[in-house]
Amino acid sequence: MRRALPILAMAALLSACGDIDDPDAADASPDVEGITDAVALDVVAPTDLAPQDLGPDAANVPDVANVPDAARVDASVDASRDAGADASRDAGADAGRDAGADAGPTLVSVSHEREFRAAWVATVFNIDWPSRTGLSAAAAQSELAGIVDVAARNGLNALVFQVRPEGDALYRSALEPWSRFLTGRQGGDPGWDPLAWLVERAHARGVEVHAWLNPYRARTSASGTSVRPHIAATNPEAMVPYDGVLWMDPSRAVVQDRAVDVIRDLVARYEVDGVHFDDYFYPYPEAGMPFPDSAQFDRYRAGGGALSLGDWRRDNVNRLVQRVGETVARDRPDARFGISPFGIYRPGTPPGISGLDAYASIYCDAPLWMARGWVDYLAPQLYWPSTQTAQAYGTLIQWWAGLTRDGRSIFAGTSLSRLGSSSAWTVDELRRQVELTRAQRTRGARGNVFFTIDELRTNRMGVADMLRSTFYASPALSPPIGARRGDRVEAPVVSVSGLSVALSHPARASLRAWVVYRREGASYVIDRIVPAATGSVTLAAGAWAVSAASRAGVESQGVAITLR
């Protein structure tokens, strides 16, 4: 029997490891869009293995190291960054700032522990936003404002907002039609631009916006209709029905070209902070149902191609990932490109892990993308508890973190939607998962992406309270983009009047934020992050330092000031 939401479900053979999205099915789907609250989420081993015991398995869960105080940094002056400064100046002195002397500003080294703190906002099937189709602009904007407020209030610094769920657009585009999840009709103009609206509001609250696209899904139902300029209407020959869903054939040049054109347009017209793909490449396989691309493969082989079917399919995906990565790096070097793959690369990798073979089943070679530098980060969907030996969160995050290089990162995909679904899924388990991620920080795991924002909005089982009070009480910028971490950012121009601090910068348009630190003994401790559009801040009496952070996440030295 076909499931009600085939795009968000997997074959029974995948039930070992994935997300649940079909209330009527007990098998699991790995899609970040597909978790619903009403289903049982017992995840078992592959078809030929017995279900795993959910008891503790310390041998497969790395110990959590004590995380150092993320907010404190040494307050010593960085002479190498300020060679012309007077060597005798004290880190707390600011005679030039206080008294208007001719001496230049006192510059000090400041920094804080960076972390990507994000949540997915799924629009397919109106999972997170909008709550239903046909909302008025005012109602839809009110809901979106609420999402921004949830993120900012709980210490998140990014939203991953789905803008292309099925070859459509939740923003104004000449390349693809308006999404039906806005008005109820594909191509229906809602009368406003949700992405532009969100970027403006989120940035004003210090929250990044990453545009989340599905590169290959054309329609969630193969029996639906599409309107121009949807690719199914302009290039029907490039469409492939599979398991009740209409897919864009990854081997078709027009499919790759359309995706690259869409992304080039997005990063040119919108101040998004990143471009994001989820785990859908070739579809998750249904037993006994091969993906119908044999004609294209035969044509490839007849033209002299020598790759096997599996290698050919992986090459199709790899070429798109490479093109998108190069496009974002060239056109918007201050934006990230990242992908959220299925959480298991291959069974037995690392040892003891079992489940779906993403490399051989959906033709996803995420380690290659990291090794080649095509992505700035990976966000593997680690949707299993730390106690589930065959898919243990701790074991997997340790392996994924080991893939990073050249300043690139792993941001662990973490499921909030499974809270309460079984005795394993508690708020303490979610606490443990963030601790396990942080324990791998020095190896490249630098944050979590939570599925989804709705569980934070409803504070499901108190999870928002836990995250805010335990981990996110102090603000943090997201990590700098690896390729840009060597950039030099000039310190801000600071002027003081009483307790008011005016801020400016010669390259203000290139900035994301001002970072304010307070002096505590020999350290500077992060106090707040202020959007760069803000011209001044009011602080209490005391010793402070203010830095400038670029849109690529690179931070300048701090300008030391004393307020009396």
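Residues numbered from 1 in each chain as written. Predicted model: local features only at pLDDT ≥ 70, side-chain atom pairs only at ≥ 80, totals over all residues. Heavy atoms only, no water.

Trainee: Looking at this model, I keep getting lost on the overall build of the protein. Mind explaining?
Mentor: The helix and strand inventory of the protein stands at 14 helices and 20 strands. Within the protein, buried positions represent 59% of all 564 residues. Sequence-distant contacts in the protein: of pairs separated by 6 or more residues, those separated by 24 or more amount to 72%. Put simply, the protein shows about 20300 Å² of open surface, and 50% of that area lies on carbon and sulfur atoms. (Helix = DSSP H or I, 4+ residues; strand = E, 2+ residues; numbered from the N terminus. Buried < 20%, exposed > 50% of the residue type's maximum accessible area, 1.4 Å probe, protein only. Contact = heavy atoms within 4.5 Å. Areas by Shrake-Rupley, 256 points an atom, 1.4 Å probe, with all protein chains shown as cover.)

Trainee: Explain the sheet that holds strand β8 (residues 245-248) here, please?
Mentor: Picture the strands of a sheet paired through backbone hydrogen bonds; they go either parallel or antiparallel. Strand order in the open sheet formed by three strands is β6-β8-β7, and the pairing between neighbours is antiparallel. The sheet is open, and its two borders are formed by β6 (217-219) and β7 (239-242), each paired with just one other strand. Strand-to-strand twist across the sheet, computed as the mean angle between neighbouring axes with direction ignored, equals 40°. Alignment of β6 against β8, held across two bridges, turns out to be antiparallel. Bridge pairing in β8 places R219 opposite L246. (Pairing = 2+ DSSP bridges. Axes fitted to C-alpha atoms, helices over the stretch in contact; angles between N-to-C directions.)

Trainee: Whenever I open this one, the pairing of strand β9 (residues 274-277) confuses me. Can you help?
Mentor: Regular strands have side chains that alternate between both faces of the sheet. Burial along β9 is two-sided: the residues G274 and H276 and V275 and F277 are all buried. Across four bridges, the pairing between strand β5 (residues 208-213) and β9 is parallel. Of the residues in β9, the one forming a bridge with A211 is V275. The sheet contact formed by β9 and strand β10 (residues 336-339) spans four bridges and is parallel. Paired with V275 across the strands is F337, a residue of β10.

Trainee: What should I look at first to understand the packing of aromatic side chains in this one?
Mentor: For the coordinates displayed, the defined rule picks out 26 aromatic pairs. Judged by centre distance (5.8 Å) and plane angle (75°), the ring pair of Y345 and Y359 falls under edge-to-face. With Y345 in the loop between β10 and α9 (358-361) and Y359 in helix α9, the pair connects residues that are 14 residues apart, well separated along the chain. You can call Y345 buried: its relative accessible area is 15%. Both rings, one in Y377 and one in F411, keep their centres 4.9 Å apart while their planes meet at 35°; by these two values the pair is tilted. Of this pair, Y377 sits in strand β11 (residues 377-378) while F411 sits in strand β12 (residues 409-415), placing them 34 residues apart in sequence. Comparing Y377 with F411, the two get one shared label, buried. Here the aromatic cluster, defined as three or more aromatic residues joined through ring pairs, consists of W247, Y280, Y284, F342 and W384. Across from the ring centre of Y359, 3.8 Å away, lies the NZ or CZ of R314, which sits over that ring. Just above the ring of Y524 sits the side chain of R519; from NZ or CZ to the centre is 5.5 Å. (Phe/Tyr/Trp six-rings, centres within 6.5 Å; stacked < 30°, edge-to-face > 60°. Lys NZ or Arg CZ within 6 Å of the ring centre and 35° of its normal.)

Trainee: Even after reading the chapter, I still don't get the pairing of strand β15 (residues 500-504), so can you show me in this structure?
Mentor: Burial along β15 is one-sided: V501 and L503 are buried, and none of S500, A502 and S504, which face the opposite way, are. Sheet topology places strand β14 (residues 493-497) next to β15; five bridges connect them, and they run antiparallel. By the bridge assignment, V494 is partnered in β15 with L503. Counting the residues that bridge the hairpin from β14 to β15 gives two residues, and of these G498 lies at a positive phi of roughly 65°. The pairing of β15 with strand β18 (residues 536-538) spans three bridges and is classified as antiparallel. Bridge pairing in β18 places A502 opposite S536.

Trainee: Help me understand the nonpolar core, please; the structure alone is not making it clear to me.
Mentor: Counting residues in each nonpolar core, the largest one holds 109 residues, and the members touching the most others are W129, L195, W369 and L456. Considering each element in turn, this core owes the most residues, seven residues, to helix α6 (residues 253-269). Residues within four places of L195 in sequence aside, it is in contact with F161, V163, L170, Y171, V209, L266, Y270 and V272. (Core = buried A, V, L, I, M, F, W, Y, C linked by side-chain atoms within 4.5 Å.)

Trainee: Which parts of the structure should I look at to understand unusual backbone geometry?
Mentor: Only a minority of non-glycine residues have a phi that is not negative, and only a minority of peptide bonds are not trans. The omega torsion across W129 and P130 is -20°, close enough to zero to call that bond cis. Looking at where P130 falls in the secondary structure, it is placed in the loop between β3 (116-121) and α2 (137-153). Of note, the amide linkage connecting T349 to P350 takes the cis form, showing an omega dihedral of -5°. With respect to the element layout, P350 can be found in the loop between β10 and α9. Not every positive phi belongs to a glycine, and F125 is a case in point at roughly 55°. Examined against the element boundaries, F125 turns out to sit in the loop between β3 and α2.

Trainee: Sorry, what's going on with α2 here?
Mentor: Three- or four-residue spacings in an α-helix give side chains the same orientation, since the helix completes a turn every 3.6 residues. For α2, spanning 17 residues, the distance from its first C-alpha to its last is 24 Å, which sits close to the expected 24 Å at 1.5 Å a residue. On the buried face of α2, the contacting elements are β3, β4 (158-164), α4 (194-204) and α13 (453-457). Phi for G155, located one or two positions after α2, is positive at around 85°. (Expected span 1.5 Å × (residues − 1).)

Trainee: Help me out: how do you make sense of α6 in this one?
Mentor: The terminal C-alpha atoms of α6 lie 24 Å apart, and with 17 residues this matches the ideal 24 Å at 1.5 Å per residue to within 8%. Of all the residues in α6, the buried ones are V255, Q256, R258, A259, V260, V262, I263, D265, L266 and V267.

Trainee: Quick question: what am I supposed to make of the packing of α6 against helix α8 (residues 309-331) here?
Mentor: Between two packed helices, what matters for the description is the angle formed by their axes and the separation of those axes. Viewed as axis vectors pointing N to C, α6 and α8 meet at an angle of 20°, and their least axial separation amounts to 10 Å. In terms of orientation, α6 and α8 fall into the roughly parallel class. Crossing geometry of α6 relative to α8 is assigned as right-handed. Of the residues in α8, those in contact with Q256, D257, A259, V260, I263, R264 and V267 of α6 are N316, R319, L320, R323, V324, T327, V328, R330 and D331. (Parallel < 35°, antiparallel > 145°, perpendicular 65-115°, else oblique. Left-handed = near helix turned anticlockwise from the far one by under 90°.)

Trainee: Which parts of the structure should I look at to understand the environment of P531?
Mentor: Structurally, P531 is set in strand β17 (residues 523-531). Along the sequence, P531 and V207 sit 324 residues apart, while their C-alpha atoms lie 9.0 Å from each other. In this structure P531 touches H203, A204, G206, R512, A513 and W514, once residues within four positions along its chain are discounted.

Trainee: When you look at the sheet that holds strand β13 (residues 445-451) in this model, what are you seeing that I'm missing?
Mentor: Taken in spatial order, the eight strands line up as β3-β4-β5-β9-β10-β11-β12-β13 and close into a barrel, and their pairing is parallel. Of the strand pairs in this sheet, β12 and β13 are connected by five bridges, and their pairing is parallel. Residue pairing across strands places S415 opposite F451, the latter belonging to β13. Along the sheet, helix α11 (residues 393-401) contacts β11, β12 and β13; its crossing angle with β12, the most-contacted strand, is approximately 155°.

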